[in-house]
Each structure stands twice: as structure tokens, then as C-alpha cells.
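# Coordinate analysis (summary)
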Amino acid sequence: MTDLHRLSIRELSEGLKQAQFSSRELTEHYLKRIAQIDPKVKSYVTVTAEQALVEADAADAALKAGHAHALAGIPLAHKDIFCTQGIKTTAGSKMLDNFISPYDATVVAKAKAAGLVTLGKVNMDEFAMGSTSESSYFGATGNPWALDHVPGGSSGGSAAAVAADLAPIATGTDTGGSIRQPASFCGLTGLKPTYGRVSRFGMIAYASSLDQGGPMARSAEDCAYLMNVIAGHDTKDSTSVNKDVDDYVANLNGTTVKGLRIGIPKQYFNVAGLDADVKARVEESLKKLEEMGAILVEIDLNMTEAYVPTYYLIAPAEASSNLSRFDGVRYGYRCENPVDLMDLYKRSRSEGFGAEVQRRILIGTYALSAGYYDAYYVKAQKVRRLIQQDFLKAFENVDVIAAPSAPTTAYKIGANLSPTEMYLGDIYTLAVNLAGLPAINAPVGFDKDSLPVGLQLIGNYWSESQLLSIVHQYQQNTDWHTKRAAIAEENA
Ligand code: GLN
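Counting of residues starts from 1 at the beginning of each chain's written sequence and follows it residue by residue. Side-chain atom pairs in this predicted model are given and counted only at pLDDT of 80 or more, local residue features only at pLDDT of at least 70, and totals for whole chains, interfaces and linings cover all residues. Values reported for side chains reflect all heavy atoms of the structure, with hydrogen atoms and water molecules removed beforehand.

## A closer look at the site of the ligand
The line we're drawing: Whether a residue is near a molecule or strand is decided by its heavy atoms; if any one of them lies within 4 Å of it, the residue is near. Here a polar contact is taken to be a pair of N or O atoms separated by no more than 3.5 Å, where protein atoms must pair a possible hydrogen donor with a possible acceptor and residues adjacent in sequence count only if both atoms sit in side chains. Cavity means a closed set of points on a 1 Å grid over the protein atoms alone, one where a 1.4 Å probe fits but cannot get out, pocket means an open set with protein on both sides within 12 Å along at least 5 of 7 lines, and lining means a residue has an atom within 4 Å of a point. In this description, a molecule resides in a pocket or cavity if more than half of its atoms sit within 2 Å of the grid points defining it.
Among the 15 residues in the neighbourhood of the ligand, the closest are listed as Thr175, Gly176, Ser178, Tyr206 and Tyr311. The separation between a nitrogen atom of the ligand and a polar side-chain atom of Ser154 is 3.4 Å. Between the ligand and Asp426, the relevant distance is 2.9 Å, taken from a nitrogen atom to a side-chain nitrogen or oxygen of the residue. The pocket occupied by the ligand, as judged from atoms lying within 2 Å of grid points, is the largest cavity.

Set out below in C-alpha cells:
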């Protein structure tokens, strides 16, 4: 079969169960595509071809024996922020260029236990700081829809790999939008779960109170399959929550769109810098949901202006603390010929970290320093609480909240946005992480340059099933999620 890469996760699962093809054939098919097409996209940092085939054979044996998990034998790509035993984990940084983790992240371990086959590790902004994936030490990744554009970030490699059909599904992480924005830029569906739903164990920390892993795929249905594998309590992550996990696949039709109240925040659609095409496509998608029976309700989210400054204080503060472990002593990059300990620390960190990471360490350290701590960090924490309350108040009247995922479509590679311009592009995604809420991106059309546009739906705590279900039903009534970039149509 030459078009195995066109099958959905459900179709792959059924095909494998019915022995229409083997996991080895499927895995070889993807490895061949990666070898031929990824040199143009550059989504993979590491391809684990040999190990993938060993895993595929094991899945085939389990399938034959009739005791395989629903996803056994299906390939996936992991963002290079998830620790993988025996395979390099770089977090897109020179600092970890040679780091081989002695253990698997819980997300990786769960994927392995379900029989998923790891194709490799995909590119990302250095330590997940960025919105373009250009800050990676390994260079930029191309957007499959226009290779001279960015795929978004920080999970840009995950998005590009799926959008070019170089993996059927991928893991991503979202600290301030890093699943939703690349999904939006690449025309995919991506879910940022409620904080605490997916274990952070073995996921290299950026800002621990905001970080959350989740699925990136073509459709809500595909995301639901991966959520069924990765969600759940983990005693190794003290912030993971001990709460029953839904069967996300079984619940795909569990929410009725008829009568569903969708909040439209006034403030969100008046943001300076909201592209006219993005606005139009998002409004059309809302109209479609309205035709399907949803009720659109205008709401207020009064704290909108505070999102960017609050996030860009808290995230760097936590990052400066988390990244202090990379000191040239314990593991990671160490400079050559240090003259003394201070020199070793200084040069290891200035040579090992890129510019954006250093900027955030400086900002974060400043915000946490004695004398400024109350004025900046404590103040930001108080505003964070107000942002959360703003959402909780809104959810008294509506079921979900709609927004664009990003004010624009994908930027050109090398557009060289100033840090502030780039941070402002995160306006629609940051508050969800500050409040710990779940949110999903769904593709809803294209701009005048044929670049994808995404709709974001934000839910109340633990509403992953509801979000997936709404998008699933939208996708039963539209075909945006089935559109493929020309490069994905290429046969290897
Ligand atoms: N663009 C945001 C940042 O640079 C979000 C990144 C993320 O979610 N990891 O912090």
C-alpha cells in the first residue's frame, strides 16, 4: 500500500487488527517518507529507525497473539523535550546536545506500554521558549504548507511532522500555547489538557506551574486516541491529579452541540494585530457551529491586557530556577578548559544556552531577586489569580469560550520579530496556562496566502472530552482537517 500515511488512527488500528498490513510495513513506510521528505521539512532531530523496527515487530507479535492495545503498532513522534531512555533528548539546545536520558518520561513509557512505535524525536524551540521553533540549536523547521514559513512553536517539529505525513500523531507540550499555536500554523488539531491531567515526569521543565503535555494530530478523533494513552495520574509527578480519566474516544459524540453555549470574548476580537483573514475564518467557523445548534454569547474577559506581561514574568521566573541545574557540572554541556569554578559556570551557560533562553533567565532572575520579588513576581501571581477568576466567572454563563489560537498565520522564517512582537503573538494562548484550563485548536480554513487558520476552544477544568467532542462533530460537518499540504501528497 502506498497511501498508508493517509489513514486515520482508527483506520490504522483497524487495518493492523485485521492484518491488512503489519506494523513493520507501516513503520517502514513512514521511515521511507522521513528519509525522502524530511530533508526538506527538517522536523526530526533524531530518527530511531532501528529501534522503531524492533518495536514494530514486537507490536506485530502482540497483534498476532490477539492481546494488543488499540494503538499497538502505530508510529508516533515525540517532541524532543520528553526524556527517552537510550535515545538523545536535546530540548533543542546545545546544552543537551549529547544528553541520553537514563529513563523514559511517563508519557513515553505509556506510549511504549500501549505498543506505539517511536519514529524519533522532533524539533522545538530551545527549552520550549519561542513561537517559531527557530531558536532550536538544530536550526529551523519548515512549515509543510510553505517551507519558507515557520511551523510555529515551540512544538513546531511535532506539527510539521504530522502535517507533512511524516508521523500520524505526535506529542507536544504547551506552557503558553506551544501545542495550540503550531497546530494552528500547520492546520492540525492539538489539545492542551487541564494542568495535572498528563504527567510532567521526564518532560524537561520550562515553567513547571504552566507546562502540560498533550496530543497533536490531524483530527480530534486522532487526538482522543492518544489522550487515552497518555492521560492519567502519576505518583512520580506530585502535580498530576488523581482523578478518573475519561474514555476520550468513546466520548467523541458525548457532547451535544445543540444548545451548547459558546462565549465570544469581546476583548479578543478587538486585539490590535488580529489579522483580517484569521478573524474572518474564525467567525465563519463559529457561524458553522451556530448552524449546528450552538448559541453564541458575547462575554467579557476584562483581564486580557494583563495576559502577556503576567505570563512573561511568571514563565521566565520559573525558567530561571529550573534551568539553574544546567551548570556544566552535573550533566549537559561543559565549556573547554575552565580556569576556575566561576569560569566553568559562566562559560558553560553562556556557550550552552542560546540568546532567547539567556534573555529569559536574566528576566526571571531579576524578577525573583531580593527587593524586586514583591513588586514583580508576587504581583504577577496575584494578577494570575484574577485572570483565573475572570474565566471562572465566564464559565458560569457559557460552556466553552472561543478565540483564535493566534492573531496571525505562520510567519516567514527569519522574519526576525523583536521579542516583544513575538510575545504579543501569544495573546490568545497564555491565559489558558495561567489558569490551568484545557483548550483545543482546530483547523478552520486558510488565509489569502493559503496558510492555515485555527480556532481555539477553551473549556472549564477537566473538559477535555467535551472539547474533543465539539471539534469532532465540527469535523464531521466540515473538511478543513482533511486538507493536506502539497508536500504531504508526495509519495516516497
Ligand atoms: N511562546 C510561548 C513562550 O515562548 C509559549 C511557549 C510554550 O508554550 N512552550 O513562552
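Next comes the rest of the account.
## A closer look at the pairing of strand E11 (residues 452–459)
Selection rule: Remark: exposure states derive from per-residue accessible area (1.4 Å probe, protein chains only) relative to the maximum for the residue type, with buried under 20%, exposed over 50%, and partly exposed in between. Secondary structure elements are defined from DSSP: runs of H or I of at least 4 residues count as helices, runs of E of at least 2 residues count as strands, and each element is numbered from the N terminus. We treat two strands as partners when DSSP finds at least two bridges between them.
Burial of E11 is extensive: eight of the eight residues sit out of reach of the surface. Of the two faces of E11, the one lined by Pro452, Gly454, Gln456 and Ile458 and the one lined by Val453, Leu455, Leu457 and Gly459 are each fully buried. Relative to E11, strand E9 (residues 400–404) runs antiparallel, the two sharing five bridges. Residue pairing in the sheet places Pro404 in a bridge with Leu455 of E11.

## Examining the packing of aromatic side chains
For the record, the criterion: Each pair of aromatic rings taken from Phe, Tyr and Trp, with Trp reduced to its six-membered ring, is defined by centres within 6.5 Å and is described as stacked if the planes are under 30 degrees apart, edge-to-face if over 60, and tilted in the remaining cases. Look at NZ for Lys and CZ for Arg. If either is within 6 Å of the ring centre and within 35 degrees of the ring normal, a charge sits over the ring.
Under the definition given, this model contains 18 aromatic pairs. On the basis of an interplanar angle of 80° and a centroid distance of 4.8 Å, the ring pair of Tyr311 and Tyr312 is categorised as edge-to-face. Of the two residues, Tyr311 and Tyr312, both sit in the buried class. Taken together, the ring pairs in this structure connect Phe99, Phe127, Phe326, Tyr331 and Phe353 into an aromatic cluster. The residue whose ring lies beneath Lys94 is Tyr333, and the NZ or CZ to ring-centre distance is 4.8 Å.

## Focus on the packing of helix H8 (residues 276–291) against helix H15 (residues 464–477)
What counts, and what does not: Only C-alpha atoms enter the line fits that serve as axes; for helices the fit covers just the stretch in contact. Angles between N-to-C directions range over 0 to 180 degrees. By definition in this entry, angles of less than 35 degrees are roughly parallel, angles greater than 145 are roughly antiparallel, angles of 65 to 115 are roughly perpendicular, and the rest are oblique. Residue contacts are counted whenever heavy atoms from the two residues lie within 4.5 Å of one another.
Orientation of H8 relative to H15, taken along the N-to-C sense of each, is 90°, at an axis distance of 11 Å. For the element pair H8 / H15, the angle class is roughly perpendicular. Between H8 and H15, the residues in contact are Ser285, Lys288 and Leu289 and Ile470, Tyr474 and Asn477, respectively.

## Notes on unusual backbone geometry
Omega for the peptide link from Gly153 to Ser154 comes to 10°, which places this bond in the cis form. Assignment of secondary structure puts Ser154 in the loop between strand E3 (117–122) and helix H5 (156–163). Of note, the phi angle at Phe127 is positive, near 50°, even though the residue is not glycine. Structurally, the position occupied by Phe127 is in the loop between E3 and H5.

## Remarks on the side chain of Thr175
Considering the arrangement of structural elements, one finds Thr175 in the loop between strand E4 (169–173) and helix H6 (180–186). Judged by relative accessible area, Thr175 falls into the buried class, the value being 3%. At 2.6 Å, the side chain of Thr175 and the side chain of Asp211 are in polar contact. Every residue in contact with Thr175, bar those within four places of it in the chain, is listed here: Tyr206, Ala207, Leu210, Asp211, Tyr311 and Asn433.

## Considerations on the pattern of salt bridges
Quick note on the threshold: We count a salt bridge whenever a side-chain nitrogen from Lys or Arg sits within 4 Å of a carboxyl oxygen from Asp or Glu.
By the definition in use, this model includes 23 salt bridges. Lys40 serves as the salt-bridge partner of Glu490, at 2.9 Å between the closest nitrogen and oxygen. With Glu490 in the segment after helix H16 (486–489) and Lys40 in helix H2 (residues 23–41), the pair connects residues that are 450 residues apart, well separated along the chain. Taking the relative accessible area as the measure of exposure, Lys40 reaches 40% and is therefore partly exposed. Asp327 is the partner of Arg330 in a salt bridge, and the nearest nitrogen-oxygen pair spans 3.2 Å. For Arg330, a relative accessible area of 56% corresponds to the exposed category.

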